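Commentary on secondary and tertiary structure
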Amino acid sequence: MHERFAQLAGEHISYDRTLAPLDGFSEILAKLAGEGLKGANVTVPFKEDAFHWVHELSHRAHQAGAVNTLIKTADGHWLGDNTDGVGLVADLCRLGFDPRDKTLLVLGAGGATRGILGPILDRGPKSITVANRTPAKALSLADVFGIEAAEFEQLHGRRFDIVINATSASLSGQLPALPSDVIASTGLAYDLAYGPRGTTFTRWAASQGCPKTADGLGMLVAQGAESYYLWRGVRPDWQKVLGEMEAQR
Ligand code: NDP
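Residues numbered from 1 in each chain as written. Predicted model: local features only at pLDDT ≥ 70, side-chain atom pairs only at ≥ 80, totals over all residues. Heavy atoms only, no water.

Quick word on the environment of Thr103
Position of Thr103 among the secondary structure elements: in strand β5 (residues 103-107). Among the residues examined, Thr103 registers a relative accessible area of 16% and is labelled buried. Not counting residues within four places of it along the chain, the set of residues in contact with Thr103 comprises Lys126, Ser127, Arg159, Phe160, Asp161 and Ile162. (Helix = DSSP H or I, 4+ residues; strand = E, 2+ residues; numbered from the N terminus. Buried < 20%, exposed > 50% of the residue type's maximum accessible area, 1.4 Å probe, protein only. Contact = heavy atoms within 4.5 Å.)

Details of helix α5 (residues 84-94)
Working note: α-helix, 3.6 residues per turn, so residues spaced by three or four point in the same direction. Taken together, the buried positions of α5 are Asp84, Gly85, Gly87, Leu88, Val89, Asp91 and Leu92. Where α5 is buried, its residues meet α3 (47-53), α6 (111-122), β8 (162-165), β9 (188-191), α10 (217-232) and α11 (238-248).

Some remarks on helix α9 (residues 200-207)
Taken residue by residue, α9 has Thr200, Phe201, Thr202, Trp204 and Ala205 as its buried positions. In this structure, the buried residues of α9 make contact with β5, β8, α8 (180-184), β9 and β10 (213-214). Count one or two residues on from α9 and you reach Gly209, which has phi positive near 100°.

Considering the nonpolar core
Leu88, Ile116, Ile120, Ile164, Leu188 and Tyr190 are the most contacted members of the largest nonpolar core, which totals 26 residues. If you list the elements that add at least two residues to this core, you get α5, β5, α6, β6 (127-131), α7 (135-145), β8 and β9. Once you skip the residues sitting within four places of it in the chain, Ile164 turns out to touch Leu88, Leu92, Leu104, Leu105, Val106, Leu107, Ile116, Ile120, Tyr190 and Leu192. (Core = buried A, V, L, I, M, F, W, Y, C linked by side-chain atoms within 4.5 Å.)

Observations regarding the site of the ligand
What surrounds the ligand is a group of 24 residues, the closest being Ala112, Asn132, Thr134, Lys137 and Gln174. Within the contact set of the ligand, an oxygen atom lies 2.9 Å away from a backbone nitrogen or oxygen of Ala109. Ser168 places a main-chain nitrogen or oxygen 3.1 Å from an oxygen atom of the ligand. Taking 940 Å² as the accessible area of the ligand by itself, protein coverage stands at 79%. For the shell around the ligand, the secondary-structure elements that each account for two or more residues are α6 and α10. A breakdown of the residues in the shell around the ligand according to their chemical character gives 11 nonpolar, 9 polar and 4 charged. (Near = heavy atom within 4 Å. Polar contact = N/O pair within 3.5 Å; in protein donor to acceptor, adjacent residues only side chain to side chain. Areas by Shrake-Rupley, 256 points an atom, 1.4 Å probe, with all protein chains shown as cover. Nonpolar A, V, L, I, M, F, W, Y, C, P; charged D, E, K, R; others polar.)

The values reported here are purely geometric and, on their own, carry no functional implication.
Here is the structure:
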């Protein structure tokens with residue numbers, strides 16, 4: 001994806017994957033930094049390690065408590081940022097569901113939820129409600145971000161413009177315990193997870209009559225484009241790249 005961004009921008013970059021051992025994140029990064037690394041993306045389960053590894057944090061990384069983008073600054077320091085939330089907001093806007101003035105329900109209270117709440121709130125939604133299998137975690141996030149927490153069964157009869165599944169349930173073919181009347185009446189059901197034919201959640205939402213569903217491939221590409229911008233100062237045409245990736249799945 002990043003090499004395609006570079007190609008479209010007429011630039012040359014080298015972007016590779018490295019698998020770090022669970023207890024070896026800092027050692028790997030120190031080695032890569034010594035070899036001239038200029039920037040990196042960090043993914044599960046190292047986003048919190050990266051948060052502690054960097055010298056400086058952006059506001060959104062601080063809010064998220066996690067770093068997915070490392071940027072080497074001109075003075076040789078490492079800046080940590082988090083582009084997941086802006087990636088999601090960009091994709092929601094692409095789908096015609098700008099969160100501004102909308103009612104949103106976010107399912108899940110893990111790292112991804114923490115990363116997306118700040119950028120969604122920055123957009124000025126009417127309300128955000130968060131619900132999680134372990135209610136205490138939703139309550140704690142609701143406290144931090146000044147939003148509402150609810151338990152799944154309390155959601156019967158509620159209607160939201162957008163429901164975002166930020167649980168990892170789809171990865172194991174499971175569904176969060178959301179009452180079906182909620183998903184049937186929502187405008188957009190969005191799953192952060194993605195797959196070749198959507199996800200367990202998006203397929204379920206469609207089967208319940210939800211008029212529009214989307215998986216997280218668009219978010220993935222948009223967050224990558226934001227990272228590219230942070231490294232190179234160029235905004236890639238991420239929707240073109242998303243279209244190419246959609247055509248291949
Ligand atoms: P975490 O492990 O931090 O959190 C997982 C969350 O899912 C918890 O709230 C957990 O609830 C909940 N959960 C897990 N299984 C179930 C289940 N069977 N039923 C109900 N709730 C469940 O994961 P992340 O927050 O990092 O990631 C969440 C999802 O977001 C993943 O699918 C990941 O792939 C996706 N993601 C996509 C991105 C993209 O660019 N498209 C970017 C980042 C993440 P509990 O607290 O009760 O355990």
